[in-house]
Amino acid sequence: MWTIIEQIFPYAIVFTIPLLITALGGLFSERSGVVNIGLEGLMIAGAFASALSVNILQDKMPNGSMVLWIGLLIAVVVGILFSLLHAFASINLSANQVISGTAINMIAMSLTVFLARNLTGSGNIRITSGFTPFDVPVLSQIPIIGDLLFTKTYATTWFILLVLLVSTFILNKTKFGLRLKSCGEYPQAAQAAGINVIKIRYMGVMISGAFSGLGGAIIILTYAGEFTGSVSGLGFLALASLIFGQWKPLGILGATLFFGFASTIANVSQVIPELAVIPPIILKIFPYVVTLLALVVFSKSSQAPKAAGEPFDPGKR
Amino acid sequence: MRNTIVSLISIILGLIAGGLLMLFIGASPVEGYTYLFQGALKNISRIGDTLATATPLIFTGLAVAFAFRTGLFNIGAAGQMLIGGLAATAVALTMDLSRPILILVMVLAGIIGGSLWAFIPGLLKARFNVHEVVSTIMMNWIAYWVVYYIVPANFKGGTETESKLISETASLKMPLLTEMFQGSYINMGIFFAVLAVIVIAFIINKTTLGYELKAVGFNRHAAEYAGMRVNRNIILSMLISGALAGLGGVALYTGNASSMQIGILPSQGYDGIAVALLGANSPIGVFFAAVLFGILYSGTGFMNAMIEIPPELANTIIAIIIYFAATSVLIQRVFNKFRNTKTNSNDVAGPVGKKGES
């Protein structure tokens, strides 16, 4: 049993990280008052941007992980640019945010494949090598946790955990974080207090674009290695994690870890005799059913930002 | 009227954007669009294919539009299609009935499958106020995996990822229709779709039920205050929406196709949102929007074969159309500004006494 857990753990964490960072991006957007259902599309945009840039750059500067970090950076920039479409529609034009987000998803899904197919013919973009897993020196020698947490880790994992820490601090302890949250709760009051709601909401949506782009890129540069035109619904799963985690950074961490483990277990169940007795269909639908149940349980005490999804109307009282 | 103008402008802008994309990859937009429209409408067989492509889109568009009228965002049409299609396929492969009865039972199975899948989010929304966007997405993935395991276990066909082919008795394809359209895969699904457009238009515009559903969509609290049973109406709206999407599944898997593929969420589910939006949530608008998307989808295949433009151009154009439709405020603003400047200049020139009237 122990060896199974030991084997599953690193994979589950690798799978969790893109979800975590994307959901965290969604947190910034929704806390500022803009529902962002376009996370899936923003992830795809990031995945495409990183795969393409790494694919091109790896020929020119073959050595080192420098290329990969540049790929991540480009994914962030592309994610931000894409999210501006959503920000413009939902903040400046008071468009229906769910519809605008849906449009973002559709544009990203089709435009990336259109461009990729034009470039490679097949529509897939392969990278020669991604981040390589490594054992953290010293820490991986610690019994039990060393095996679970510090072996076969990716540099991006530690980077994202750092982003999580910083984000938690920013949201709860800085002027910007508190202002952001106030815009999602009661924007009219925030404006009366002299806060530029439009600007803050733009920041929120742009952060979600940056983080989702990063999430999509990490999928490509760690475990996928190839852009195939989708991120298999992970963006939507991130959205569910956001609600599951009740719009709190630590809650999101818990929710995404749950999804990471549930998916990994479902994926490897056939090769592990102890798990193979459970019908695979049960394992596959388990995370989704649990999410539905969790939504019911949390419905009574939902912590959703009160103004999320509503266009900002300064005249409203 | 205003909705129609906004939709038309969105379509034009989307097509212009598509043209720019073709220029961007070094193709000629004129040539591209010529092939695209030729591919969709060149001869009777291609027109048949275009209508067949539009058929599931009419259903999913109606499904999304109907729920929209009650203020519900049914993003789960894909899952409802899968379950509706699975139910119909199961009937087609297991029941030995005469053709009219078999098809009737298949259609009923599709309706039940689709509405069952929509019932759960509807119930969760009505009873626990769970947001239907997230719950329908979850239901989509559950449907995906249900089909993924049930089809190979019970109805395994030639390959691992495909169900058995349904018999000719069970197929919605009619020899007469196929002959009339010279070998196109158009089938009786299109008749069902047109019927659905009429029935849904009737329900929305002419019945008490439709009135109540719209009232709930406009203002849930006001509707409740007026004595309407809001929760019941929410569930009912989702049931009808799911039934329509389920029928879309029947049309897709037992009409256009003859088997079910596993591992795919049908793209028509998501496209239904686009169809509904472009059709301004009116049944007749949905019909025309679906036909337009049918033209784009079936035309890009031919275009791709003739010149090197990826067929994803259709999806891209549709996505851009939807973005413009979603930001229609912008179009209206420009429109109003244009009109205001015109009236203002009239004001200046006109007699003083006329001011303040209008």
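Residues numbered from 1 in each chain as written. Chains lettered and ligands numbered in written order. Predicted model: local features only at pLDDT ≥ 70, side-chain atom pairs only at ≥ 80, totals over all residues. Heavy atoms only, no water.

> Is there a simple way to think about the overall build of chain A in this case?
A tally of helices and strands in chain A yields 13 helices and two strands. Structurally, chain A occupies a C-alpha span of about 60 × 45 × 40 Å along its principal axes. When burial is assessed residue by residue, chain A has 56% of its 317 residues classed as buried. Taking contacts inside chain A between residues at least 6 apart in sequence as the whole, the part at least 24 apart equals 76%. Of the accessible surface of chain A, which amounts to about 13,000 Å², a share of 69% is contributed by carbon and sulfur atoms. A gap of 13 Å separates the mean positions of the 17 positive and 11 negative side-chain charges of chain A. (Helix = DSSP H or I, 4+ residues; strand = E, 2+ residues; numbered from the N terminus. Buried < 20%, exposed > 50% of the residue type's maximum accessible area, 1.4 Å probe, protein only. Contact = heavy atoms within 4.5 Å. Areas by Shrake-Rupley, 256 points an atom, 1.4 Å probe, with all protein chains shown as cover. Lys, Arg positive; Asp, Glu negative; His and termini not counted. Charge placed at Lys NZ, Arg CZ, Asp CG, Glu CD.)

> So what exactly am I meant to see when it comes to the overall build of chain B here?
Of the regular secondary structure elements, chain B holds 15 helices and zero strands. Its C-alpha radius of gyration of 22 Å places chain B within 12% of the 21 Å reference for a compact globule of 358 residues. The dimensions of chain B, computed from C-alpha atoms along their principal axes, are 80 × 60 × 35 Å. Scored against the burial criterion, the 358 residues of chain B give a buried share of 54%. In chain B, 75% of the contacts between residues at least 6 apart in sequence involve partners at least 24 apart. Where the 21 positive side-chain charges of chain B centre and where its 15 negative ones centre are 13 Å apart. (Rg over C-alpha atoms; globule rule 2.2 N^0.38 Å.)

> Sorry, what's going on with the interface of chain A and chain B here?
Frequently, the measure chosen for interface size is the accessible area removed from exposure when the parts meet. Listed by partner, the interface residues are 42 residues for chain A and 43 residues for chain B. Between chain A and chain B lies a buried interface of about 3,800 Å² when both sides are counted; carbon and sulfur atoms form 83% of it. When the buried surface of chain A facing chain B is broken down by residue, Leu93(A), Met106(A) and Phe114(A) rank first, second and third, together holding 18% of it. Across the contact surface, chain A and chain B share one salt bridge. Of the charged contacts in the structure, one is a salt bridge between Arg117(A) and Glu312(B), with a shortest N-O distance of 2.8 Å. The interface formed by chain A and chain B contains four residue pairs in polar contact (both at pLDDT 80 or more). No other element matches the 16 residues that helix H4 (residues 97-120) of chain A contributes to the side of chain A that touches chain B. (Buried area = accessible area lost by both parts, 1.4 Å probe. Salt bridge = Lys/Arg side-chain N within 4 Å of Asp/Glu carboxyl O. Polar contact = N/O pair within 3.5 Å; in protein donor to acceptor, adjacent residues only side chain to side chain.)

> So what exactly am I meant to see when it comes to the pattern of salt bridges here?
Where charged atoms from two side chains of opposite charge approach closely, those side chains can pair. Evaluated as defined, the whole model comprises seven salt bridges over all chains. The structure contains a network of salt bridges with shared partners spanning Arg31(A), Glu185(A) and Lys306(A).

> So what exactly am I meant to see when it comes to the environment of Gly26(A) here?
Topologically, Gly26(A) is positioned in helix H1 (residues 2-31). Residues Gly26(A) and Ile243(A), spaced 217 residues apart in sequence, show a C-alpha to C-alpha distance of 9.9 Å.

> Just to check I follow, could you spell out the confidence of the model for chain A for this structure?
Atomic detail in the predicted coordinates should be set aside for any region of low pLDDT. Put simply, chain A has an average pLDDT of 88, and 99% of its residues get 70 or more. Model confidence for chain A, summarised as mean pLDDT per element, is weakest for helix H5 (residues 145-149) of chain A at 75 and strongest for helix H9 (residues 197-224) of chain A at 94. (pLDDT = per-residue confidence, 0-100.)

> I would appreciate a short explanation of the packing of aromatic side chains in the present structure.
For any two aromatic rings, the description comes down to two numbers: the centre-to-centre distance and the angle of the planes. Evaluated as defined, the whole model comprises 25 aromatic pairs over all chains. Ring geometry for Phe150(A) versus Trp158(A): centroids 5.6 Å apart, planes at 5°, classification stacked. Classification of Trp158(A) as partly exposed rests on a relative accessible area of 31%. A connected cluster of aromatic rings, assembled from ring pairs, spans Tyr288(A), Trp141(B), Tyr144(B), Trp145(B), Tyr148(B) and Tyr149(B). One Lys or Arg, Arg127(B), reaches over the ring of Phe128(B) and ends 5.1 Å from the middle of that ring. (Phe/Tyr/Trp six-rings, centres within 6.5 Å; stacked < 30°, edge-to-face > 60°. Lys NZ or Arg CZ within 6 Å of the ring centre and 35° of its normal.)

> What is the right way to look at the side chain of Asn140(B) in this model?
Residues and elements named next belong to chain B. Along the chain, Asn140 turns up in helix H6 (residues 132-155). Exposure remark for Asn140: the relative accessible area of 8% places this residue in the buried category. Among the polar contacts made by the side chain of Asn140, one reaches the main-chain carbonyl oxygen of Ile75 at a distance of 3.3 Å. The contact partners of Asn140, leaving out residues within four places of it in the chain, are Ile75, Gly76, Ala77, Ala78, Gly79 and Leu265.

> Would you take a moment to explain the confidence of the model for chain B for this structure?
Residue and element names in this part refer to chain B. Overall, the predicted model of chain B reaches an average pLDDT of 89, with 95% of residues at or above 70. Of all the helices and strands in chain B, helix H15 (residues 328-349) carries the lowest mean pLDDT, 69, while helix H4 (residues 77-94) carries the highest, 96. Note that residues 347-358 has pLDDT below 50 and, in this model, zero contacts with residues that lie over four places away or in other chains.

> I tried to follow the nonpolar core on my own but got confused; where do I start?
Grouped burial of nonpolar side chains is what soluble globular proteins tend to show. In terms of nonpolar packing, the biggest core is built from 189 residues, with Phe227(A) and Ile309(B) touching the most fellow members. Sort the elements by how many residues they give to this core and H6(B) lands first, with 13 residues. Those residues within four positions of Ile309(B) in sequence are excluded, and the remaining contacts are Phe114(A), Met22(B), Ile25(B), Ala27(B), Gly32(B), Met303(B) and Asn304(B). The next biggest cluster of nonpolar side chains, apart from the first, holds twelve residues, and it includes Ala118(B), Met228(B), Ile234(B) and Ile235(B). (Core = buried A, V, L, I, M, F, W, Y, C linked by side-chain atoms within 4.5 Å.)

> Sorry, what's going on with the packing of helix H6 (residues 155-173) of chain A against H9(A) here?
Helix-helix packing is characterised by the crossing angle of the two axes and by the distance between the axes. All names here are of chain A. In contact at an axis separation of 11 Å, H6 and H9 are set at 165° when each is read in the N-to-C sense. One finds that H6 runs roughly antiparallel with respect to H9. Considering how the two elements wind past one another, H6 and H9 form a crossing that is left-handed. Mapping the contact onto sequence places Thr156, Phe159, Ile160, Val163 and Ser167 in H6 and Phe211, Leu214, Ile218 and Thr222 in H9. (Axes fitted to C-alpha atoms, helices over the stretch in contact; angles between N-to-C directions. Parallel < 35°, antiparallel > 145°, perpendicular 65-115°, else oblique. Left-handed = near helix turned anticlockwise from the far one by under 90°.)

> Is there a simple way to explain the packing of helix H12 (residues 267-278) of chain B against helix H14 (residues 313-326) of chain B in this structure?
Residues and elements named next belong to chain B. It is the contact of H12 with H14, at a shortest axis distance of 10 Å, that shows an interaxial angle of 45°. One finds that H12 runs oblique with respect to H14. For the pair H12 and H14, the crossing hand works out as left-handed. On H14, the residues touching Ala274, Leu277 and Leu278 of H12 are Ile318, Ile321, Ile322 and Ala325. Of the residues in the contact of H12 with H14, the class split is seven nonpolar, no polar and no charged. (Nonpolar A, V, L, I, M, F, W, Y, C, P; charged D, E, K, R; others polar.)

> When you look at a nonpolar patch on the surface in this model, what are you seeing that I'm missing?
All names here are of chain A. Taken together, the side chains of Trp69, Phe159, Leu162, Leu165 and Val166 define a hydrophobic patch exposed on the protein surface, amounting to about 460 Å² of accessible area. Of the residues forming the nonpolar patch, the biggest block, four residues, is contributed by H6. Examined against the element boundaries, Val166 turns out to sit in helix H6. (Patch = residues over 30% accessible without salt bridge, like charges linked within 9 Å, V, L, I, M, F, W, Y side chains within 5 Å.)

> Just to check I follow, could you spell out unusual backbone geometry for this structure?
Excluding glycine, residues mostly carry a negative phi; peptide bonds, for their part, are mostly trans. All names here are of chain B. Unlike most non-glycine residues, Asn129 shows phi in positive territory, near 55°. With respect to the element layout, Asn129 can be found in the loop between helix H5 (99-128) and H6. According to the relative accessible area criterion, Asn129 is exposed, its value standing at 52%. You will see that Ala280, though not glycine, has its phi angle at about 55°, which is positive.

> Is there a simple way to explain the environment of Gly146(A) in this structure?
All names here are of chain A. Along the chain, Gly146 turns up in helix H5. On the accessibility criterion, Gly146 (0% relative accessible area) is buried. In this structure the C-alpha to C-alpha distance between Gly146 and Ile104, which are 42 residues apart in sequence, comes to 41 Å. Excluding its chain neighbours within four sequence positions, the residues that come into contact with Gly146 are Leu139, Ser140 and Thr151.

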